[in-house]
Structure formats: structure tokens, C-alpha cells
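The lines below spell out each chain.
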Amino acid sequence: MPTSTPTNPPTTSGETLPVLLCKDPDVICVFNPDENAAGSFPIDPRLGTTPSAALQSAQPIMGYSGQISSLDSAVRFPRERRSVNRKIMTVKESFKKLNYIDPPKHQIRKRQSCRCVPAGTCASGGAGMIDFRIVTPVNACPAGQVYCCGDTTAVTVRCGVVQAAPSTGVTPAAGEANFGEYPWQALVLTKQNDYIAGGVLIDQLNVLTVTHRMMPYVVSGTAPNVKVRLGEWDAAGTNEPVPFQEYNVAKVFSHPSYNANTLQYDIMVLRLSSSVPLTPMTGSTTTINRACLPPSSTATYTGLTCWVSGWGKNMFGLQGQYQNILKKVDVPIVAPATCQSQLQAARLGPTYVLDTTSFICAGGESSKDSCTGDGGSGLVCSINGQWIVVGLVAWGLGCASANVPAAYVNVAALLPWIQQQVATA
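Residues numbered from 1 in each chain as written. Predicted model: local features only at pLDDT ≥ 70, side-chain atom pairs only at ≥ 80, totals over all residues. Heavy atoms only, no water.

Points about the overall build of the chain
Part 1 of the reasoning: For the chain, the count of helices and strands is five helices and 16 strands.
Part 2 of the reasoning: Out of the 425 residues belonging to the chain, those deemed buried represent 40%.
Part 3 of the reasoning: Expressed as a percentage of contacts within the chain between residues at least 6 apart in sequence, the contacts between residues at least 24 apart total 65%.
Part 4 of the reasoning: Accessible area for the chain stands at about 23,100 Å²; split by element, carbon and sulfur atoms hold 54% of it. (Helix = DSSP H or I, 4+ residues; strand = E, 2+ residues; numbered from the N terminus. Buried < 20%, exposed > 50% of the residue type's maximum accessible area, 1.4 Å probe, protein only. Contact = heavy atoms within 4.5 Å. Areas by Shrake-Rupley, 256 points an atom, 1.4 Å probe, with all protein chains shown as cover.)

Some words on the pairing of strand E8 (residues 226-230)
Part 1 of the reasoning: Burial analysis of E8 places five of its five residues in the buried class, the great majority of the element.
Part 2 of the reasoning: Pairing between strand E5 (residues 185-190) and E8: five bridges, direction antiparallel. Note that in E8 the partner of Val-188 across the bridge is Val-228.
Part 3 of the reasoning: Direction of pairing for E8 relative to strand E9 (residues 245-254): antiparallel, over a ladder of four bridges. In the sheet register, Lys-227 faces E9, and the bridge partner there is Asn-248. (Pairing = 2+ DSSP bridges.)

Focus on the sheet that holds strand E13 (residues 359-363)
Part 1 of the reasoning: If you walk around this closed barrel you meet the six strands as E11-E12-E13-E16-E15-E14, and the pairing is antiparallel. The average angle at which neighbouring strand axes cross in this sheet is 45°, direction not considered.
Part 2 of the reasoning: Where strand E14 (residues 378-383) and strand E15 (residues 386-395) come together, six bridges link them in antiparallel fashion. Bridge assignment links Val-380 to a residue of E15, and that residue is Val-389. (Axes fitted to C-alpha atoms, helices over the stretch in contact; angles between N-to-C directions.)

Thoughts on the sheet that holds strand E6 (residues 195-201)
Part 1 of the reasoning: With respect to topology, six strands assemble into a closed barrel ordered E5-E6-E7-E10-E9-E8, the strand pairing being antiparallel. For this sheet the average axis-to-axis angle between neighbouring strands, irrespective of direction, equals 40°.
Part 2 of the reasoning: Along the sheet, helix H5 (residues 415-422) makes contact with strand E7 (206-209), E9 and strand E10 (268-272), crossing E10 at roughly 25°.

Digging into the environment of Asn-259
Part 1 of the reasoning: Structurally, Asn-259 is set in the loop between E9 and E10.
Part 2 of the reasoning: Accessibility expressed as a relative area gives 26% for Asn-259, which makes it partly exposed.
Part 3 of the reasoning: Side-chain polar atoms of Asn-259 contact the backbone nitrogen of Thr-262, separated by 3.2 Å. (Polar contact = N/O pair within 3.5 Å; in protein donor to acceptor, adjacent residues only side chain to side chain.)

Description of the nonpolar core
Part 1 of the reasoning: Of all hydrophobic cores here, the largest spans 40 residues; its most connected members are Leu-208, Ile-267, Leu-343, Val-389, Leu-392 and Trp-395.
Part 2 of the reasoning: For this core, the secondary-structure elements that each account for two or more residues are E5, helix H4 (336-348), E13, E15, strand E16 (405-410) and H5.
Part 3 of the reasoning: The element best represented in this core is E15, accounting for four residues.
Part 4 of the reasoning: Looking at this core, you find at least three residues from each of domain 1 (185-290 + 418-423) and domain 2 (304-413).
Part 5 of the reasoning: Ile-196, Val-228, Met-268 and Leu-278 belong to the second largest nonpolar core, which has 20 residues in total. (Core = buried A, V, L, I, M, F, W, Y, C linked by side-chain atoms within 4.5 Å. Domains from an automatic or database assignment.)

Some remarks on the state of the cysteines
Part 1 of the reasoning: Using the criterion set out here, one finds three disulfides in the structure.
Part 2 of the reasoning: Linked covalently through their sulfurs, Cys-159 and Cys-292 form a disulfide whose S-S length is 2.0 Å. What sets the handedness of the Cys-159 and Cys-292 disulfide is the S-S torsion sign, and at about 95° it is right-handed. On the criterion of sequence distance, the pair formed by Cys-159 in the loop between strand E4 (145-148) and E5 and Cys-292 in the loop between E10 and strand E11 (305-310) is long-range, its members being 133 residues apart.
Part 3 of the reasoning: Under the relative-accessibility criterion, Cys-292 is labelled buried at 7%.
Part 4 of the reasoning: Between the sulfur of Cys-339 and that of Cys-361 lies a disulfide, 1.9 Å long from S to S. Where Cys-339 bonds to Cys-361 through sulfur, the torsion about that S-S bond is close to -65°, and the disulfide is left-handed. Here Cys-339, found in helix H4, pairs with Cys-361, found in strand E13; they are 22 residues apart in sequence, far enough to count as distant. (Disulfide = S-S within 2.5 Å.)

Observations concerning the pattern of salt bridges
Part 1 of the reasoning: Inspection of every chain in the model, using the stated rule, returns six salt bridges.
Part 2 of the reasoning: The salt bridge partner of Lys-328 is Glu-181, with a shortest N-O separation of 3.0 Å. Here Lys-328, found in strand E12 (residues 327-334), pairs with Glu-181, found in the loop between E4 and E5; they are 147 residues apart in sequence, far enough to count as distant.
Part 3 of the reasoning: For Asp-330, the salt bridge is made with Lys-368, and the minimal N-O distance between the two is 2.9 Å. Taken as a pair, Asp-330 in strand E12 and Lys-368 in the loop between E13 and E14 lie far apart in primary sequence, 38 residues in all. (Salt bridge = Lys/Arg side-chain N within 4 Å of Asp/Glu carboxyl O.)

Pasting the structure below:
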């Protein structure tokens with residue numbers, strides 16, 4: 001405790017209360033009964049001036065009844081638990097801390113901001129996105145978005161997730177897809193913008209399609225006159241609020257067991273010449289995403305109602321017309337044995353055997369089917385909130401006839417081959 005001496009001690013009720021002057025002007029001192037000292041009246045550091053004579057002779061406040069502390073009783077800033085062994089913090093040292101010459105151990109951090117973001121882009125992956133102790137959203141997020149209190153800039157959008165796309169101002173007709181509803185849908189074109197096939201984006205560099213639509217354009221493992229358009233919706237319009245993106249094809253991989261007569265193993269991987277951005281940081285859009293591949297080569301989807309999309313013709317034959325706006329249709333997955341018997345009865349005869357490695361079947365409902373020109377487009381099923389590509393449009397017996405399902409490339413059964421091509425440099 002700094003040394004000081006009492007001077008002119010005021011009295012109350014006959015008891016002498018010495019007043020002390022600290023030799024260190026940066027602290028305030030009180031009397032220690034174990035010390036004998038004398039000196040002048042102190043300066044109050046809260047005011048910075050010497051009290052007047054009137055104040056010096058004023059009667060002390062009588063309401064204070066706290067016990068007079070002993071030993072080290074200087075007032076500390078900031079207030080901490082006192083210890084006789086701690087060095088007294090001066091005002092100068094306090095200012096050093098305020099100026100961050102000696103940064104404090106505890107810092108106040110800005111609370112994380114929360115907002116609605118496209119589904120699949122929240123860093124927390126969906127778990128714990130809302131801290132109910134801090135904030136709960138007043139209004140629900142739009143369809144396709146989630147409330148997120150995490151980072152989104154570096155998060156890759158999960159496969160098979162449909163994000164909220166801006167409105168086009170056009171209400172789709174029956175059977176037409178909404179803008180951005182099938183973000184994995186690819187449009188395979190010549191570089192002169194002639195239609196070739198549909199396709200499915202499965203990662204940042206690879207698109208699945210069918211070989212029978214691509215063979216005329218393949219030259220020694222490449223397709224120099226082919227491009228892939230992603231994010232397309234109205235093929236005849238230019239008013240979409242998010243523009244499409246186009247990519248050249250660097251390589252093609254066709255299954256070595258492809259049979260042009262029976263369309264067995266009718267699958268091709270198109271390797272894009274540049275990577276499709278799938279994170280906001282790299283320029284992704286809400287209208288482009290990849291579909292998920294099946295989890296294993298033995299995955300089955302019989303009995304599920306799934307969806308197929310494309311710009312193919314609306315009917316078989318010369319009267320059929322290609323569509324401007326992307327079409328969609330729901331079709332049930334048909335059991336292999338049922339499909340085989342229905343195809344036999346329709347046209348193929350009793351000796352026909354369905355190759356279940358090459359094909360799965362879907363449809364068989366009147367007026368609901370994929371059709372000519374849809375080849376390569378994806379048949380997708382929603383599993384636990386993510387869309388999985390289970391088939392590619394391959395062939396059928398006419399279009400949209402009752403009890404006549406269509407044949408789709410069996411993506412699950414061919415998964416090992418697909419993965420091998422994707423891994424090829």
C-alpha cells in the first residue's frame with residue numbers, strides 16, 4: 001500500500017477518521033489502522049480538483065457501515081478479486097490495454113449472422129442450423145431453402161438437391177417442369193445447336209448419356225462437334241433469369257459391350273473440358289447441380305414412383321414434335337419379371353429375355369411416358385430428400401401405352417463401370 005499521512009482528521013460521534021493522501025496519484029487509498037501517517041488533504045481522482053474548505057468541513061456520510069478493509073485496499077480497474085500479492089494496476093496500464101498494446105485475453109466476437117440459404121449449402125449440413133437460444137426465424141424460408149447460421153461460401157451443394165430458383169414469371173403448363181426443377185438435366189447439342197440427346201450431370205466433370213444417340217458424333221474417343229448445355233429450361237427462349245452454361249466435350253467413354261441391335265449396355269460418359277462450379281465461391285448457380293449415383297450396384301427401386309424429364313417428342317412418329325420447355329412425367333418402377341412378360345405380350349414374343357444388367361423398366365401407364373428424343377435423359381427417384389439417377393431413357397415399344405413399360409439403362413447395375421470411367425484421367 002502506498003505510504004501517506006493523515007491530516008486534519010474529521011470527527012464524528014467523537015471518533016477520529018483519518019483521511020489519507022496516496023503518493024501514487026493513480027490510486028485511491030483508505031486508512032490502514034496499523035500505520036501512523038500525516039499529510040495534506042487528498043485529491044479525489046474522480047474529479048481531479050482539491051475539494052473546497054466547505055467540502056473539507058462537511059459532515060461525513062453516516063449511512064456507510066461497511067467494514068474498513070486492511071492491507072491492500074486500493075480500488076482496481078477493471079475490477080478483479082483483490083490479492084495482496086498482485087501488483088496495483090495503474091490508470092496508465094489500463095489505457096495500454098484499451099489501446100491494445102497488451103491485448104486482453106477475452107475478446108468480444110460478433111454473433112454469427114443467420115439467413116435463408118439454398119438447401120444443401122449450409123456448412124453444418126442441416127444439423128444445428130438454428131440456435132434456438134439466440135434466434136428463431138419469424139417467417140419460414142421459401143421452398144428449397146433452409147435457415148442457416150453457418151458459412152455457405154465454400155460448401156459444395158449436396159448431390160440430388162433442388163435449390164430455389166428465381167421465378168420466370170411463367171406458369172408452366174401441365175407436364176412442364178418448373179425452372180430449375182431438374183438441375184442435373186443436360187442438353188447435348190452439336191456446336192451448331194442441333195439437338196442430339198439428353199443427359200445427366202453426375203459430378204463436376206462427367207455427364208451420363210446413351211451411346212445410341214451419340215455414336216454418329218464420336219471420333220476416336222472424342223466428340224469434337226459436341227457441347228453440353230446445363231441450366232437450360234426453355235430451349236426456344238432467352239428470358240430465363242439465370243442463364244445456362246455450356247461446356248465442350250474433351251473425351252467420351254462408351255461401354256465396350258454396347259450392342260447397337262439390342263441396345264444392351266447403352267451407356268456413355270461425356271468428360272467435360274472444364275469443371276462445373278458447385279460452390280457459391282466458385283460461381284455456382286441454383287439451376288445447376290448433379291444427381292446422386294445409386295449407393296451400390298445391387299440397389300433396387302421397384303415399386304417407387306420416379307420422374308423422367310426431357311425435351312423429346314410428345315408422340316411417336318412423324319407427327320411428334322420436340323418440346324421447347326422441359327417436360328416431366330412420373331412413372332412407376334416395374335419389377336423385372338412383370339416388365340419382361342408385358343414386353344413379350346406387347347410385341348417381342350415369348351422368347352424375349354430382359355437383360356436385367358442392362359435395363360430397368362418404368363411406366364406402363366396410358367398417356368404417361370418418355371418418348372423419342374428423350375434418349376439419355378435421367379430417370380430419378382427421391383430417396384431421403386436427395387434425387388438419385390436410377391436410369392437413362394433407352395428404348396420402348398411406341399410411347400405411353402397401357403401395360404407397356406419403357407426400358408431404361410440400369411445405372412445401379414453399371415455403377416462399377418461408371419465409377420471406373422469417372423476415375424480415368
